[in-house]
Amino acid sequence: MDKSQILKEFSADPDKYYNVKLFSEQGFVRKACAKCGRFFWTLNADRTLCPDDGTDTYSFIGEPPTTKRFDYTQAWKQVEEFFVKNNHTSVSRYPVVCRWRDDLFFTIASVVDFQRIMGSKVVFEFPANPLVVPQTCLRFKDLENVGVTGRHFSSFCMIGQHSVPDLGGYWKDECVDLDFRLLTDQFGIKKEEVVFVEDVWSGGGSFGPSLEYFVRGLELGNAVFTEFQGELGQHSTLDQRVIDMGAGLERFAWITNGTPTAYDCCFGPINEKLFNTIGIDSDSEILKKYFTEIAKEIDHYDDLNDVRRLAIKNAVITDDQLNKMITPLEGIYLIADHLRTLIFAITDGALPSNVGGGYNLRMMLRRINGTINRLNLKLDIDDLIDTHIDYLKDTYPELDEKREDVKTILKLESSRYEESKIHMKKKAEKIREKGTPSVDELITLYESDGITPEYLKEVDAITEIPSQFYSKLSDLHQSEKKKAITELPLEELPETETLFYKDDPMEFEAKVIKVFDDQVVLDRTSFYARGGGQEPDLGSIAGFKVVNVDKHANIIVHKLEGGVPSEGDTVSCKVDVTRRSNITKNHTSTHIINASSRKVLGSWIWQHSAFKDDDHARLDITHHSSLSDSEVKQIEDEANDMIKKNYPVNIDYYDRGTAEQKYGFRIYQGGVVPVKSVRIVSIEDKDIEACGGTHVKKTGDIELIKITKTKRIQDGVVRVEFVSGPTAFQYVKDQEEESKKQAQDDIAKQALEKQRAENKDKAREQIPVLLEKVLAGESGEMDGITVNNKICFTSSDNYDDYFHQNFGKKLTSKDDTAAYCGIFEAGPTIRVMVFSGGNSGVNAGEIAKEISTILGGSGGGDAKFAQGGGKDTSKKEQAIAKAKSMILG
Ligand SMILES: [Zn+2]
Ligand SMILES: [Zn+2]
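To start, this report covers the structure provided alongside it. Throughout, a residue's number is its position along its own chain's written sequence, starting from 1. A letter from A marks each chain and a number from 1 marks each ligand, given out in the order of writing. In keeping with the predicted nature of the model, local features appear solely for residues at pLDDT of at least 70, side-chain atom pairs appear and are counted solely at 80 or more, and the whole-chain, interface and lining totals rest on all residues. Water and hydrogen atoms were dropped before computing side-chain values, which therefore reflect all heavy atoms in the structure.

## Concerning the overall build of the protein chain
Only DSSP runs of H or I reaching four residues or more are called helices, and only runs of E reaching two or more are called strands; each is numbered from the N terminus. Helix and strand content of the protein chain: 25 helices and 33 strands. What the globule rule says is 2.2 Å times the number of residues to the power 0.38, and the radius of gyration is computed from C-alpha atoms. Its C-alpha atoms give the protein chain a radius of gyration of 39 Å, clearly above 29 Å, the size a compact globule of 889 residues would have. Seen through its principal axes, the protein chain has C-alpha atoms that stretch 135 × 85 × 50 Å. Here the protein chain holds 889 residues, and the buried ones make up 54% of them. Relative accessibility decides the category of a residue: with a 1.4 Å probe and only protein chains considered, values under 20% of the type maximum give buried, values over 50% give exposed, and everything between is partly exposed.

## What about the coordination of the zinc ion (ligand 2)?
With water excluded from the atoms, a metal site may look incomplete; its donors are any N, O or S atoms within 2.8 Å, or within 3.2 Å for Na, K and Ca. The zinc ion (ligand 2) binds to the protein through His587 (NE2), His591 (NE2) and Cys691 (SG), with metal-donor distances spanning 2.1 to 2.3 Å. Written as a sequence motif, the donor residues of the zinc ion (ligand 2) are H-x3-H-x99-C. Of this pair, His591 sits in helix H19 (residues 577-601) while Cys691 sits in the loop between strand S24 (687-690) and strand S25 (705-714), placing them 100 residues apart in sequence. Accessibility classification places His591 together with Cys691 in one group, the buried group.

## A look at the sheet that holds strand S22 (residues 649-655)
Taken in spatial order, the three strands line up as S22-S23-S24 in an open sheet, and their pairing is antiparallel. The sheet is open, and its two borders are formed by S22 and S24, each paired with just one other strand. Ignoring strand direction, the axes of neighbouring strands in this sheet form an average angle of 25°. Note that strand S23 (residues 677-683) and S24 share four bridges and pair antiparallel. Looking across to S24, one finds that Ile680 is bridged to Ala690. Any two strands are treated as partners once DSSP identifies two or more bridges connecting them. Helix axes are fitted only over the stretch in contact, all axes being lines through C-alpha atoms; the angle between N-to-C directions runs from 0 to 180 degrees.

## Focus on the coordination of the zinc ion (ligand 1)
Taken together, Cys33 (SG), Cys36 (SG), Cys50 (SG) and Asp53 (OD) make up the protein donors of the zinc ion (ligand 1), found 2.0 to 2.3 Å from the metal. Counting residues between consecutive donors of the zinc ion (ligand 1) along the chain gives the motif C-x2-C-x13-C-x2-D. On the criterion of sequence distance, the pair formed by Cys36 in the loop between strand S1 (29-32) and strand S2 (39-42) and Cys50 in the loop between S2 and helix H4 (72-85) is long-range, its members being 14 residues apart.

## Considering helix H21 (residues 656-663)
Think of an α-helix as 3.6 residues a turn; residues three or four steps apart then line up on the same face. Among the residues of H21, those classed as buried are Arg656, Ala659 and Glu660. Taken down its axis, H21 places every buried residue within 100° of arc, on the same side. Opposite its buried face, H21 presents the exposed residues Gln661 and Lys662, each directed more than 90 degrees away. This arc is built from the directions going out from the helix axis to the C-beta atoms.

## Focus on the sheet that holds strand S10 (residues 218-229)
Pairing is mixed across the open sheet formed by nine strands, whose spatial order is S1-S2-S8-S9-S10-S11-S7-S6-S3. Of all strands in the sheet, those with a lone pairing partner are S1 and strand S3 (89-90), marking the two edges. In this sheet, S10 lies alongside strand S9 (residues 206-215) in antiparallel orientation, the contact comprising eight bridges. Residue Phe214 lies in a different strand from S10, and its bridge partner there is Glu219.

## Looking at the nonpolar core
Here is a general trend for soluble globular proteins: nonpolar side chains tend to be buried in one another's company. Nonpolar cores were defined as sets of buried Ala, Val, Leu, Ile, Met, Phe, Trp, Tyr and Cys residues, with membership established by side-chain atoms within 4.5 Å. By size, the foremost hydrophobic cluster in this structure holds 193 residues, and its most contacted members are Phe23, Phe196, Phe252, Tyr290, Leu456 and Phe469. In terms of residue count, helix H10 (residues 319-347) provides more of this core than any other element does, 14 residues in total. For Leu456, the contacting residues outside a window of four places in its chain are Ala428, Ile431, Leu442, Leu445, Ile451, Ala461 and Ile462. Throughout, a contact is declared for two residues whenever any of their heavy atoms are within 4.5 Å.

## Overview of the pairing of S24
On S24, burial covers both faces: Asp687 and Glu689 on one face and Ile688 and Ala690 on the other are all buried. Here S23 folds back onto S24 in antiparallel fashion, the turn holding three residues, of which Glu684 has a positive phi close to 50°.

## Describing the environment of Lys849
Relative to the elements of secondary structure, Lys849 occurs in helix H24 (residues 844-854). The exposed category is assigned to Lys849, whose relative accessible area is 57%. Note: C-alpha distance between Lys849 and Gly860 (eleven residues apart in sequence) is 6.6 Å.

## Comments concerning the pattern of salt bridges
Take a side-chain nitrogen of Lys or Arg and a carboxyl oxygen of Asp or Glu: if they are within 4 Å of each other, that pair is a salt bridge. Enumeration over the complete set of coordinates arrives at 53 salt bridges. Between Arg598 and Asp687 there is a salt bridge, and its shortest N-O distance comes to 3.3 Å. With Arg598 in helix H19 and Asp687 in strand S24, this pair connects stretches of sequence that are 89 residues apart. We note that Arg598, like Asp687, is buried.

## Remarks on the side chain of Asn582
Position of Asn582 relative to the elements: it lies in helix H19. Sequence-distant contacts of Asn582, that is, excluding residues within four places in its chain, are made with Asp614 and Pro726.

## Overview of the packing of aromatic side chains
The pairing test for Phe, Tyr and Trp rings, Trp by its six-membered ring, is centres within 6.5 Å, and the orientation test on the planes gives stacked under 30 degrees, edge-to-face over 60, and tilted for anything in between. If you walk through the whole model with that rule in mind, you get 43 aromatic pairs. An aromatic cluster of at least three residues, connected via ring pairs, comprises Tyr94, Trp100, Phe114, Phe124, Phe126, Phe665 and Tyr668. Note on criteria: charge over ring means Lys NZ or Arg CZ within 6 Å of the ring centre, with the direction from the centre no more than 35 degrees off the ring normal. Taking NZ or CZ as reference, Arg99 lies 3.3 Å from the ring centre of Trp606, over its face. The side chain of Arg764 reaches across the aromatic face of Tyr802, ending 4.2 Å from its centre.

## Some thoughts on the environment of Lys77
When you line up the elements, Lys77 lands in helix H4. As a C-alpha pair, Lys77 and Thr395 span 318 residues in sequence and 8.6 Å in three-dimensional space.

## Examining the packing of helix H11 (residues 358-374) against helix H16 (residues 439-449)
Between H11 and H16, the shortest axis-to-axis distance is 11 Å and the interhelical angle comes to 95°. By the angle class used here, H11 and H16 are roughly perpendicular. Counting all contacts with H11, which are made through Tyr359, Arg362, Met363 and Arg366, the residues of H16 involved are Tyr446, Glu447 and Asp449. Across the contact of H11 with H16, the residue classes tally to three nonpolar, no polar and four charged. Put simply, angles under 35 degrees are roughly parallel, angles over 145 are roughly antiparallel, angles from 65 to 115 are roughly perpendicular, and the rest are oblique. The classification used treats Ala, Val, Leu, Ile, Met, Phe, Trp, Tyr, Cys and Pro as nonpolar, Asp, Glu, Lys and Arg as charged, and all other residues, Gly among them, as polar.

## Focus on the pairing of S25
As judged from the eight bridges shared by S25 and strand S26 (residues 717-724), these two strands associate in the antiparallel manner. Counterpart to Gln714 in the pairing with S26 is Val717.

## Section: a negative patch on the surface
Only residues whose relative accessible area exceeds 30% and that form no salt bridge enter a patch; like-charged residues are grouped when within 9 Å of one another, and nonpolar side chains (Val, Leu, Ile, Met, Phe, Trp, Tyr) when within 5 Å. Areas reported here follow the Shrake-Rupley algorithm with a probe of radius 1.4 Å; residue values treat only the protein chains shown as occluding. His is not counted, nor are the chain ends; Lys and Arg add positive charge and Asp and Glu add negative charge. Note on charges: their place is set at NZ of Lys, CZ of Arg, CG of Asp or CD of Glu. A cluster of acidic residues, Asp734, Glu736, Glu737 and Glu738, forms a negative patch on the protein surface. Among the structural elements, Asp734 can be located in helix H22 (residues 725-775). Exposure remark for Asp734: the relative accessible area of 38% places this residue in the partly exposed category.

## Observations concerning the side chain of Gln115
Mapped onto the fold, Gln115 is located in strand S4 (residues 115-118). Residue Gln115 is classed as buried on the basis of its relative accessible area, which comes to 13%. Throughout this description, a polar contact denotes any pair of N or O atoms lying within 3.5 Å of each other; where both atoms belong to protein, one of them has to be capable of donating a hydrogen while the other can accept it, and for residues adjacent in sequence the pair is counted only when both atoms sit in side chains. In terms of polar contacts, Gln115 uses its side chain to reach the side chain of Arg101, at 2.4 Å. Setting aside anything within four residues of it in sequence, one finds Gln115 in contact with Trp100, Arg101, Val122, Val123 and Phe124.

Below you can see the structure in the form of C-alpha cells.
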C-alpha cells in the first residue's frame, strides 16, 4: 500500500486521526513544514520547520535539554518506573532469536514478541495489558553506519509500550499523554522542546496513523495506532486494535547526556576501557563538531562515504586528526556495538555460521577481528565480554548465565578467522590485480570465502566499502525462512478425528469420507500422519495396504495400494504395531539425544531438524564443530542414563502464552507451533518441547540407544544418527558379530602368513637340491616349478625374492642353456624376475617388459637379466599365462 497516499488522506482529517486530547489541553498548534510540507504539532507557535529540517537539529550534542543525566541502564530504570507507576506491567525481554515466527531469524521490533502465527494469519498474544518491555532488537541493514554515524546500532533496546484498547487497555489520548509526560515529567525535558509529527504505518495487511515524537531533531519514539485492515478506501476497523509504541532507549540516554555520539553513553564502562587503549579524549570539541555535522548530513546523502567527506570538510578535520582520532574511534564504537549484539545472540542460542541468520553474526565477528588488526589494538575479548555483561546484567540477568558459553563460541570463531587468513590473503592479491570488484562480487566473496570488505580494505585490495554492501547482504539473509504447502481440494471436508492423540487403538473402524484416486480420507484415524520429522504409520484399511499418510491442515489423507474402499463404507483399519512402536521409541529418543547433547556440549545446542523412521533416526543439532569420539560416547552414555532412570514422559496441553511463560522458548525445538493449544512433551526438567509426535510412556521403554554415526553436515550443524529399542540391540549384535568375524579373519590371515614364511624358508634350503636336479636334465613339476629341459618357470606363492635371485642366478651361471622366470607377489605389487644363460634362446628383457605392461607397470634389464612388475593385481592370471607361454613356448 502506498504510504504517502494514506498519509495524505489521514492528514486531510487531522481531528479524526491525530488530534489527541493532550494537544488541546496543552495548546499545541498544528503546522505544515515550510520546507517539506509535513504536518507537525508544537507548543512553539513561531516554529515553521519540522524536526528533520529545523535549525535546532542535533543541538543537544554538547548542550542536553535536561538537567539530569541517565546512562543506558539508568534510562531504562526511569522508563520502567514511569510506566509501572502508570499501571503497566513490565515484561522481561523476549529472545533475540525469533523462534516463534518462521519468517524471521531475529527479533526486529518489540511488537514481534507478541505476534503468533495461527494458520496463515498473524495474531497478537499479549501476556499483560497494557505493558512495557525493554526488547533487544537486531537489525543488520545499517551495519556500515555502525560506529560511524553516532546513532546506528546493530542491536538496540526498543522500549515497547503496548496496549489493546478493547480488552481493557487505552487508546490514542492516553498513549500520547503518557509519552509526553514520560519526556517532560520523568526526564525533565521542557514541554516546548517536544514536537509530534504526523505519519502512518502499514504492513501485513493492516495500517493506521502514527505520531512520531522528536526533541531537537532526534526522533525518540513513534506511537503507532494499528487500527484498520484492507485497502485504503475500502478499509474496515480491526477486531483487535493495538497500540505499538516503540522508542529507542539508546536515544533517551543520548539526549540527556548530549555526548558526541549515542555510543558514548550506552556501552557503559567498556568505552573508557577502549578509549584508554588508544588514548583519546572522547569529550573533545573536535568530536562534538564532527559528529554533529555527521548527524545533520546523514539523511541528505545516499552514500555514507560522501557524508563522511562532507563532515570532515565542515568540521575542518585535519588528516592527522582523522587518522589519530576519528578512524580509531569509529573502530572502537564498532567493536563495542558488535560485541554487545553477539553476546545477546549467542546467549539466546544463535551460532555464527555460513547459513541463515548465522551469516550476520559471523560477519560481525569478522568485522571486530578486522578492526582490531587494522588499528593494531591489544584487546582481550574475554575481558570485554565480562565488562559488557557486568554492565548489562542488572537489566538482563540471563546474560550472566551464558557468560562462559559466549566466550567459548567467540574464541573458537576467532581462531577459525585466523586460520583462514592465508587463503584470504591469496584471494585479496588476485582481487588487487583484477581491479575493483562489484557489490555482487563482494557478496560472493563473503559468502563463498568468508572474506569481508573490511579485510579487503585493510589489505588495500579495495579503497572504499560500497555503501549498499550490508543492506544487500542483509536482504539476502534476513528473512529467508519460508515454506510452501501443497493442497488437495479438501475445503469441504470435516476435520479428521485424531485417535492417536486419544485412546490410540491399533485396530479401529472408520467411515470413508472421501476418495481421491488412491487416497482416502476417513472420519477418524489412528494412523499417524507424517509430520514433525516423524514418518507415517503403515498398515491396512479395508484390507488394502496403507503406503503413506499425510496431513493437510486438519485432514489426514491415507494413500493405499491395490485398491480403495468406496465413499460411505465403514471399514476396519489396522496399524502396523511393530513399526509404530519402533518409530515411537526413536521419537522419544530424539528428545533424549537433544537433551544429552545440550548437557554434554553446551547451551547453544538446538534441534536443527529431525527424522524418525522405524529402523533408524537422526537428529541434526546446532553445534560449531565435528564431534569427537569421546563426546559421542558421553552423549550416548548420558542418553542411556536417562533411559536407565526410567523418567516418565508427560504430555500436557497448555495455552500457548502460558507454555511460553512457564517453559520459555526452548519449547520450540521443532519450530513454530501454529495452534493456540500447545502439546508439551516433557521428560522431567531435562527436556521440554512442544511436539505433536508419538512418545513412549517412560524412558525405560526405549531400553537402549546407540549412536551409529555423526557428521558435520554444514557449517554450524552436526548430524547424529542413531538407533533405539530392538534395532539398537540388533545393531549391538551385528557389531559384535562383525568384530568376532574380523578377529577370526585376522587369525586366519596370520596363520596363512606364517605358513607362507615357513614355506619360503624351506624353499631356500631346497635351492641346492633343486639345482642339482635341473642341471642333471630332469624335467616335469618340481615343488611348483615347471621344468622343461633346463628352462624353468614358477608362480608359486612359496617362493620369494631371495629364492628367485639365488636360484635363477646360480642356475644360469652354471649352464648357459638354462633359463628361469619367477612371478610373485611383493606387497601391493606383482613382480617378475627373468634370468637367461645366454644360449637358452630366452630374452629376459623382452619377457620382463611384456609382463610389466600387462600388470600396468614397467620393466627393465637386458637379455640375460631383467625384472619389473605392476600394481594391477586383477591381471595376475593373464600375466602368469603369458609369461609361461613366452618362456616355455
Ligand atoms: Zn520538513
Ligand atoms: Zn518431538
